[in-house]
Amino acid sequence: MNFTEQFASVDLIINTNFETRGVDAFALSLIKAEKQIRRIFTFLIFQNPTYSLSDLRQLRTTLANNRRVYFQGFIAGINLILPRDLQTIYGADYIIDLNKFLLYTQDRNKIFHGQITDAGLSRADLMARVDDIKKWCKHLGTEVQKEIGYDGFSQSYIKTATPLALNNLNRFDTIVNYEQFLRTEVQR
């Protein structure tokens, strides 16, 4: 799967006449962006030489059982693992784009709980936010692909052909250590 395939369902929604297409595309885009960052994180975890496919179920269960890991926590974890932080990899617009994303997440959470946003978002506003989210995901995928050979749009529990130089491998080299790493560095 790639960026275009990942966002095909969003594009289908946008191209309908459904009254809710703005909010639906917006919410789904955020979910896809959150999934991408989680996949990048789990891809990096799986690069630890101590893990193999036989560990897949335990790795997934460990993450699934931690209900306090969110977008910013995955970024924090990625930054502890990669030699260069995500801001450096992403480039010039990182802070601007990340702040937009965090604001959009707050708006999505209000919408999910049946509340109105402070901004009183119109369909056009939501569609513009979808474009911003897509820009973030496409750019992040492109830049991370250059860095680690993976863009976050496909199965994350795969090994690279060439081992990556990663930091803090001993902090997540066993399931117990991974669980501790999630608790102390990734969860909020």
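Before reading on, note that the structure itself is shown above.
A brief look at the structure comes next. In this text the structure is predicted, and so the values were computed from the model without any measurement.

**Quick word on the overall build of the chain**
Helices and strands together make up the secondary structure of the chain, namely nine helices and zero strands. When its helices and strands are written in sequence order, the chain yields α-α-α-α-α-α-α-α-α. On C-alpha atoms alone, the chain measures out to a radius of gyration of 17 Å, which is about the 16 Å that the 2.2 N^0.38 rule sets for 188 residues. If one aligns the C-alpha atoms of the chain with their principal axes, the spans along those axes are about 50 × 30 × 30 Å. Taking all 188 residues of the chain together, 43% fall into the buried category.

**A closer look at the layout of surface pockets**
Within this model, the largest pocket holds a volume of roughly 700 Å³. Around the largest pocket sit 27 residues that line it, and Glu34, Val69, Tyr70, Phe71 and Phe74 are the ones nearest its centre. Residue assignment for the lining of the largest pocket shows that the elements contributing at least two residues are helix H3 (21–46), helix H4 (56–65), helix H5 (71–81) and helix H7 (94–112). Ranked by residue count, the leading element in the lining of the largest pocket is H7, at six residues. Of the residues contributing to the lining of the largest pocket, the split by class is 11 nonpolar, eight polar and eight charged.

**A look at empty space enclosed by the protein**
One pass over the full model with this rule turns up one cavity of 30 Å³ or more. Space inside the largest cavity adds up to approximately 40 Å³. Forming the boundary of the largest cavity are Asp97, Lys100, Phe101, Tyr104, Asp132, Ile133 and Trp136. Contributions of two or more residues to the lining of the largest cavity are made by H7 and helix H8 (123–148). No other element matches the four residues that H7 contributes to the lining of the largest cavity. The residue makeup of the lining of the largest cavity, split by class, is four nonpolar, no polar and three charged.

**Brief notes about the packing of aromatic side chains**
Within the structure shown, the criterion is met by 15 aromatic pairs. Ring geometry for phenylalanine 46 versus tyrosine 157: centroids 5.6 Å apart, planes at 85°, classification edge-to-face. You can see phenylalanine 46 sitting in helix H3 and its partner tyrosine 157 sitting in the loop between H8 and helix H9 (175–186), a full 111 residues away along the chain. Both residues of the pair, phenylalanine 46 and tyrosine 157, count as buried. A network of ring pairs unites the aromatic residues Phe41, Phe74, Phe172, Tyr178 and Phe181 as a single cluster. Over the ring of phenylalanine 46 we find lysine 159, and its NZ or CZ is 4.7 Å from the ring centre. Taking the ring centre of tyrosine 70 as reference, the NZ or CZ of arginine 188 above it sits at 3.9 Å.

The rules behind the values
- Residues numbered from 1 in each chain as written.
- Predicted model: local features only at pLDDT ≥ 70, side-chain atom pairs only at ≥ 80, totals over all residues.
- Heavy atoms only, no water.
- Helix = DSSP H or I, 4+ residues; strand = E, 2+ residues; numbered from the N terminus.
- Rg over C-alpha atoms; globule rule 2.2 N^0.38 Å.
- Buried < 20%, exposed > 50% of the residue type's maximum accessible area, 1.4 Å probe, protein only.
- 1 Å grid on protein atoms, 1.4 Å probe; cavity = no way out; pocket = protein on both sides within 12 Å on 5 of 7 lines; lining within 4 Å.
- Points joined across faces, edges and corners; volume = space filled by probe spheres on them.
- Nonpolar A, V, L, I, M, F, W, Y, C, P; charged D, E, K, R; others polar.
- Phe/Tyr/Trp six-rings, centres within 6.5 Å; stacked < 30°, edge-to-face > 60°.
- Lys NZ or Arg CZ within 6 Å of the ring centre and 35° of its normal.

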